[in-house]
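Read off the chains here:
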Amino acid sequence: MEAVLGHLRGAIERGEYAVGDKLPSEAELCRRLEVSRPVLREALRALQTMGLTVARTGKGTFVVSNGPVEDPTFGDYASSDLLEVRRHIEIPVAGYAAVRRTPEDLDHLAHLLERMERETDTTAWVAMDTLFHLAVARAAQNPVFRRVIEEIRDALARQSAFLNDLGGRREQSNREHRAIVEALIDGSEHDATEAMAHHLNRVESTLTEIVRPERTDSTSDSTPNSNPNSTSKESGPQA
């Protein structure tokens, strides 16, 4: 999927598909790129998140920007707005949770973390990722914090899926989540806020690597198939 996305994104940014142009049909792109339809659809969704295309029901996918990508949108929120709010909410929330958490909160978080560490399906993991952040907010024992996280829950899920698809974030996120839970178990407000701040820093850095990757001339014209006449494929970064 990263290779397909890199190929289509490069074609758009180079002007091979101009603003207003309709991309070839899914069937045609699958044929040209020699990939399955699910893989292609994931790449097309990523292009929309980056703000390069828009899907119009019954008409197809159209180019609306040729980049460069600066601020992907997740649901109703731009990534920069989402991260700004998360820093102001989730970092202090983690500190409150370390002080106020109940034994039931810790049991729930530990069980959720264990499930996440065993999970191999990305969709299921993403769902649990949002539940994890909601559980930390609940442990802070302030219903306003919980409502804020619930409001942005869909955006968090979209962001999480984007980072996992293109940034290989799942295992690293599990380690960061474990550090947060361990700080809550220890009742350390300082360690909890530091662990959450580190987690959000890694989210931001991975997003930056995805939307502004370093490009070289050797990869700018790459295609994702194994055709012997094609160059090496462009792939997304691993955070």
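Please read all numbers here as calculations on a predicted model, not as lab measurements.

**Describing the overall build of the protein chain**
Within the protein chain one finds 10 helices and four strands. Seen in sequence order, the protein chain has helices and strands lined up from the N terminus as α-α-α-β-β-β-β-α-α-α-α-α-α-α. Residue burial in the protein chain is summarised as follows: out of 239 residues, 44% are buried. Across the protein chain, contacts joining residues at least 24 apart in sequence account for 71% of those joining residues at least 6 apart. Surface summary for the protein chain: the accessible area is close to 11,900 Å², and the carbon and sulfur share equals 47%.

**A few points about the confidence of the model for the protein chain**
The share of residues in the protein chain with pLDDT of 70 or more is 89%, and the mean pLDDT across the chain is 86. Here residues 215–223 is modelled with pLDDT under 50, and outside its nearest four sequence neighbours on either side it reaches 19 contacts, counting other chains as well. Counting interchain partners and residues more than four positions distant, the pLDDT-below-50 stretch residues 225–239 has 39 contacts.

**Notes on helix α4 (residues 79–100)**
In this model, α4 (22 residues) spans 30 Å end to end at C-alpha, consistent with the 32 Å of a helix rising 1.5 Å per residue. Where α4 bends most, the angle comes to about 30°, and this point is Arg86. If you check which residues of α4 are buried, you get Ser79, Leu82, Leu83, Arg86, Ile89, Glu90, Ile91, Val93, Ala94, Gly95, Ala97 and Ala98.

**Observations concerning the layout of surface pockets**
Over the atoms rolls a probe the size of a water molecule, and its path tells where empty space is left. By volume, the largest pocket amounts to about 470 Å³. Taken together, 19 residues form the lining of the largest pocket, with Arg45, Thr49, Arg158, Ala161 and Asp165 sitting closest to its centre. Contributions of two or more residues to the lining of the largest pocket are made by α3 (37–49), β3 (73–74), α6 (122–139) and α8 (153–167). If one sorts the elements of the lining of the largest pocket by residue count, α8 sits on top with six residues. Reported here for the second largest pocket is a volume of approximately 220 Å³. Around the second largest pocket sit 16 residues that line it, and Glu26, Leu44, Ala55, Gly60 and Thr61 are the ones nearest its centre. Where the lining of the second largest pocket is concerned, the elements lending two or more residues are α2 (26–33), α3, β1 (53–56) and β2 (60–63). For the lining of the second largest pocket, the leading source of residues is α3, giving four residues.

**Some thoughts on the pattern of salt bridges**
Enumeration over the complete set of coordinates arrives at 13 salt bridges. Arg86 is the salt-bridge partner of Glu90, the closest N and O atoms lying 2.5 Å from each other. Placement of both Glu90 and Arg86 in helix α4 is noted, with a separation of four residues, approximately one turn of the helix. Here Glu90 falls in the buried class, since its relative accessible area comes to 3%.

**Some words on the nonpolar core**
Among the nonpolar cores identified, the biggest contains 64 residues, and Leu8, Leu47, Met50, Phe132, Phe162 and Leu184 are the most heavily contacted of them. If we skip the residues at most four places from it in the chain, Leu47 touches Leu5, Leu8, Arg9, Ile12, Leu23, Leu52 and Thr53.

How each quantity is defined
- Residues numbered from 1 in each chain as written.
- Predicted model: local features only at pLDDT ≥ 70, side-chain atom pairs only at ≥ 80, totals over all residues.
- Heavy atoms only, no water.
- Helix = DSSP H or I, 4+ residues; strand = E, 2+ residues; numbered from the N terminus.
- Buried < 20%, exposed > 50% of the residue type's maximum accessible area, 1.4 Å probe, protein only.
- Contact = heavy atoms within 4.5 Å.
- Areas by Shrake-Rupley, 256 points an atom, 1.4 Å probe, with all protein chains shown as cover.
- pLDDT = per-residue confidence, 0-100.
- Expected span 1.5 Å × (residues − 1).
- Bend = angle between axes of the 7 residues up to and from the residue.
- 1 Å grid on protein atoms, 1.4 Å probe; cavity = no way out; pocket = protein on both sides within 12 Å on 5 of 7 lines; lining within 4 Å.
- Points joined across faces, edges and corners; volume = space filled by probe spheres on them.
- Salt bridge = Lys/Arg side-chain N within 4 Å of Asp/Glu carboxyl O.
- Core = buried A, V, L, I, M, F, W, Y, C linked by side-chain atoms within 4.5 Å.

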